[in-house]
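Chain residues, written in single-letter form:
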Protein chains: 2
Amino acid sequence: MQMRKSNKRALFFEETLKLIYEKGFKATTIRDIADRLNFKEANVYNYVDSKQALLEGYIFDIQNEFHTAMNHIIDSTYLPNEKLRLVISSYIQITSKRPYEQALFMNDWRNLKEPRLQEFINSRKAYEEKLKTIIEAGVSQGQFRVLNLTLTTQTIMAALRWLYILYIGQKTNLNPIEVEKQLTDFIFTGIHNE
Amino acid sequence: MQMRKSNKRALFFEETLKLIYEKGFKATTIRDIADRLNFKEANVYNYVDSKQALLEGYIFDIQNEFHTAMNHIIDSTYLPNEKLRLVISSYIQITSKRPYEQALFMNDWRNLKEPRLQEFINSRKAYEEKLKTIIEAGVSQGQFRVLNLTLTTQTIMAALRWLYILYIGQKTNLNPIEVEKQLTDFIFTGIHNE
DNA sequence: GTCTATAATTCGATAGAC
DNA sequence: GTCTATCGAATTATAGAC
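The structure reproduced in this document is the subject of the present report. (Residues numbered from 1 in each chain as written. Chains lettered and ligands numbered in written order. Predicted model: local features only at pLDDT ≥ 70, side-chain atom pairs only at ≥ 80, totals over all residues. Heavy atoms only, no water.)

Further remarks concern the packing of aromatic side chains. Evaluation of the coordinates by the stated rule reveals 24 aromatic pairs over all chains. Where Tyr 91 of chain A meets Tyr 127 of chain A, the ring centres are 6.2 Å apart and the plane angle is 65°; that geometry is what we call edge-to-face. Of this pair, Tyr 91 of chain A sits in helix α4 (residues 80–97) while Tyr 127 of chain A sits in helix α6 (residues 116–140), and the two are 36 residues apart along the sequence. On the basis of relative accessible area, Tyr 127 of chain A is assigned to the buried category, the value being 5%. A ring pair is formed by Tyr 21 of chain B and Tyr 100 of chain B, whose centres lie 5.4 Å apart and whose planes are at 80°; its orientation type is edge-to-face. Residue Tyr 21 of chain B is found in helix α1 (residues 7–23), and its partner Tyr 100 of chain B is found in helix α5 (residues 99–107); the two are separated by 79 residues along the sequence. For Tyr 21 of chain B, a relative accessible area of 17% gives the class buried. Taken together, the aromatic side chains of Phe 66, Tyr 91, Phe 105, Trp 109, Phe 120 and Tyr 127 of chain A make up a single cluster linked through ring pairs. The side chain of Arg 116 of chain A reaches across the aromatic face of Phe 60 of chain A, ending 4.0 Å from its centre. The residue whose ring lies beneath Lys 51 of chain B is Phe 25 of chain B, and the NZ or CZ to ring-centre distance is 4.6 Å. (Phe/Tyr/Trp six-rings, centres within 6.5 Å; stacked < 30°, edge-to-face > 60°. Helix = DSSP H or I, 4+ residues; strand = E, 2+ residues; numbered from the N terminus. Buried < 20%, exposed > 50% of the residue type's maximum accessible area, 1.4 Å probe, protein only. Lys NZ or Arg CZ within 6 Å of the ring centre and 35° of its normal.)

Residue and element names in this part refer to chain A. The linkage connecting Glu 114 with the following residue, Pro 115, adopts the cis geometry, with an omega of 5°. Structurally, the position occupied by Pro 115 is in the loop between α5 (99–107) and α6. Positive phi outside glycine occurs at Asn 38, with the angle close to 60°. On the secondary structure map, Asn 38 appears in the loop between α2 (30–36) and α3 (51–74). The class of Asn 38 is exposed, set by a relative accessible area of 72%.

All right, on to the environment of Arg 98 of chain B then. Residues and elements named next belong to chain B. Mapped onto the secondary structure, Arg 98 falls in the loop between α4 (80–97) and α5. Between the C-alpha atoms of Arg 98 and Tyr 167, which are 69 residues apart in sequence, the distance is 8.5 Å. In this structure the side chain of Arg 98 is engaged in a polar contact, spanning 2.3 Å, whose partner is the side chain of Glu 65. (Polar contact = N/O pair within 3.5 Å; in protein donor to acceptor, adjacent residues only side chain to side chain.)

What follows covers the relation of the copies chain A and chain B. When chain A is fitted to chain B, the residual RMSD is 0.0 Å, and the transformation amounts to a turn of 180° plus an axial shift of 0.0 Å. When the rotation and shift are considered jointly, the pair of chain copies conforms to a two-fold rotation axis. Mapped onto chain B, 100% of the interface residues of chain A are again interface residues, and the two copies thus contact each other with one and the same surface. (Least-squares fit on C-alpha atoms with pLDDT ≥ 70 in both. Contact = heavy atoms within 4.5 Å.)

Shown next, in the form of structure tokens:
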């Protein structure tokens, strides 16, 4: 979506993204966006067809990025424990690069409308299922402890999904590599066999 | 807030809570609420002064419950590792009893308005700080591994905050006690010393 | 407690000139 | 691309009768 064809266009999507993050999608009006960019309401429609299309662009863009990374990992010949490490790594990398999109992904997906809402939910579910499959394989091969699969999968997802906060407003001195180390430590020593 | 003075009043707050959960607070209109209860818009104001007061009631009610439980734990003479177990336990108990309030707590707190919004943020921060203090004490006493304190605290909070999903629409066969066992296992084997 | 009616405002989106 | 002007719809909330 946010193809940087021109500086002005890029600026529009960057500032709008931050604004929607700050106020929430529903609470952000077209006038708010125009004010932020120092022009009038009508000009917003030079960049986007509708308010709804704006939200869809941000959310599906980053969702696709997560899926692409996950698919590469799934299709590799790494063992399940190594695949889990890579999932954590890729999630943190994408989040640290695009914390505001990730925030929208978490905070405002409910404001999508059908049929895009269902598309989002299905896609998110597919991602979770892929992670679950990795964990299941790791259990089968004795690398991971036997725990409830759904609970474990969702707990790991939950441990990853809040991380955007670290990268909005410099709230941490932890760089992505160190976050990856710490979080992997936390998750693995909690999940591996013995 | 939701004191069950009468069946009708209780029904109003229960159905409204579920409706707001389903649609999101901003997207739920006064008319939606009236429709759900089979009466007209104006009647909503028989139960509540404003739409905003409705949101505040639900959110601060459950937030207070979390704080009360946390304070009892903090004030006890249990050791830090036992205190952490009790925090997890109390969080799951409250969540399982009131999953829809917890969902609002997570999904719609951004729709609070000042000064209540800041009050919410401060209160949430205070809860996190109390948990952090418990973990810090556990590290000092050698019960927990040395990890980044903020990251660990937030990861544990994240692991607890999604659990309401399990109790909405019977999406699991795990009862709260088993969830507590599984999640405590996951968190502890990831955090304790050796 | 329930209704009808309506005030007062806000919002997304479009038309058309420059 | 930017502006003025405006439409039409939706929304919160209140007034007042039954």
